[in-house]
Amino acid sequence: MNDIDSIKAGLATDDPTEFPKHVEELYEWLKTTNDPWRNQRAAGALLDVACSKERNLEVRLLAVNALPVIGDKVPEELKRLIGVCDEEDEPLRLRWAAVDLLQAFNPELIKMLIYHKDLFDRTIDPDNPPPKLNVSDEISKIAEKQKREMKFYPLIALMIFGGMMGTYFAFNTDYFRYVIAGWTALVIVSIILAVVMPRRCPKCRRFFARVKLECVDSYSGPSMPIGSLGTGGSPVHTSQRVNVYEVRCRFCKHPWVILR
Ligand SMILES: [Zn+2]
């Protein structure tokens, strides 16, 4: 007859083919022992394996998958899995297994984890999860891009003005219809730029790839004067709230940030 210490020594194996045998021994021990703390001890032995980063991933998964047998008897012990779920460096597959176990036996604990969206979004590949976005980094990148684009605004205004003058002088001439065609083309191109391009994935370049508008942050935009309180009164400013959304590519799962 095995005792818990020799079973624990057996569970120290990092061989995924060997490990289930020792789990069986553990189940056997649970049935035959009178140890009042048997369920806690058994859960502890499995959780030691599941929670130690140095162990083989397969073996850690096997340990998590062995826990449902006693899960309902030791819901409190399962708290230790919170650490695994919380740690974003841990393999996502393991974190999913841990969060599923908590969901089944101690769903109260899940409340602490709801901010980890990757724990619940099962559309991603757990063995190859998309990179984590640093939202503030992404926002400063967008700001820089807008600053670069601002240089072109006077040029665009000048071109529109020139275009309008051209249209005015072309009125009642033979080539007026070409001018109209030009404007139509310009409108179509603008629509494409405004509607189609923002939905294109910046990584795999596929069109209509953007999914899931998820608000991750918001901040006050620049302050704008909207009028004043009576004559000579102090000006009234308003600032629009800018929402930061995290979106994802439907095809390659690449994440990026947009502002609204
Ligand atoms: Zn993509």
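Residues numbered from 1 in each chain as written. Predicted model: local features only at pLDDT ≥ 70, side-chain atom pairs only at ≥ 80, totals over all residues.

### Observations concerning the packing of helix H3 (residues 38-51) against helix H4 (residues 57-66)
- Relative orientation of the contacting elements H3 and H4 amounts to 145°, with a least axis distance of 8 Å. The chirality of how H3 crosses H4 is left-handed. Where H3 abuts H4, its residues Leu-46, Val-49 and Ala-50 lie against Val-59, Arg-60, Ala-63, Val-64 and Ala-66.
- Partitioned by chemical class, the residues of the contact of H3 with H4 number seven nonpolar, no polar and one charged. (Axes fitted to C-alpha atoms, helices over the stretch in contact; angles between N-to-C directions. Helix = DSSP H or I, 4+ residues; strand = E, 2+ residues; numbered from the N terminus. Left-handed = near helix turned anticlockwise from the far one by under 90°. Contact = placed C-beta atoms within 7 Å. Nonpolar A, V, L, I, M, F, W, Y, C, P; charged D, E, K, R; others polar.)

### A look at the packing of helix H1 (residues 4-11) against H3
- Orientation of H1 relative to H3, taken along the N-to-C sense of each, is 20°, at an axis distance of 10 Å. The pairing of H1 with H3 is recorded here as roughly parallel in orientation. Our pair here, H1 against H3, has a crossing hand that is right-handed. Each of Ile-4, Ile-7, Lys-8 and Leu-11 in H1 lies in contact with H3, whose residues at this interface are Arg-41, Ala-45 and Val-49. (Parallel < 35°, antiparallel > 145°, perpendicular 65-115°, else oblique.)

### Focus: helix H9 (residues 153-170)
- Along its 18 residues, H9 runs 25 Å from first to last C-alpha, staying within 8% of the 26 Å computed at 1.5 Å per residue.
- The element H9 is largely exposed, with a buried count of zero among its 18 residues.
- Taken from the residues just after H9, Asn-172 is the one with a positive phi, measuring 65°. (Expected span 1.5 Å × (residues − 1). Buried ≥ 20, exposed ≤ 12 C-beta atoms within 10 Å, placed from the backbone.)

### Some points on helix H7 (residues 92-105)
- For H7, spanning 14 residues, the distance from its first C-alpha to its last is 20 Å, which sits close to the expected 20 Å at 1.5 Å a residue.
- When H7 is considered as a whole, its buried residues turn out to be Leu-94, Arg-95, Ala-97, Ala-98, Val-99, Leu-101, Leu-102 and Phe-105.
- Residues of H7 that are buried sit in contact with H4, helix H5 (68-71) and helix H6 (81-86).

### Details of the confidence of the model for the protein
- When pLDDT is averaged along the protein, the result is 89, and 97% of the positions lie at 70 or above.
- When pLDDT is averaged over each helix and strand of the protein, the minimum, 78, is found for strand E1 (residues 210-228) and the maximum, 97, for H4. (pLDDT = per-residue confidence, 0-100.)

### Quick notes on the domain arrangement of the protein
- By the assigned domains, the protein splits into domain 1 (4-119) and domain 2 (135-259).
- One C-alpha centre belongs to domain 1, the other to domain 2; they are set 51 Å apart. (Domains from an automatic or database assignment.)

### Quick look at the environment of Lys-21
- Mapped onto the elements, Lys-21 comes out in helix H2 (residues 19-32).
- Considering only alpha carbons, one finds Lys-21 and Val-242, 221 residues apart in sequence, at a separation of 57 Å.

### A few points about the nonpolar core
- Counting residues in hydrophobic clusters, the biggest one holds 35 residues, and the most contacted among them are Leu-46, Ala-50, Ala-63, Val-64, Leu-81, Ala-98 and Leu-101.
- For this core, the secondary structure elements donating two or more residues are H1, H2, H3, H4, H6 and H7.
- Considering every element that reaches this core, the biggest residue donor is H3, with eight residues. (Core = buried A, V, L, I, M, F, W, Y, C linked by C-beta atoms within 7 Å.)

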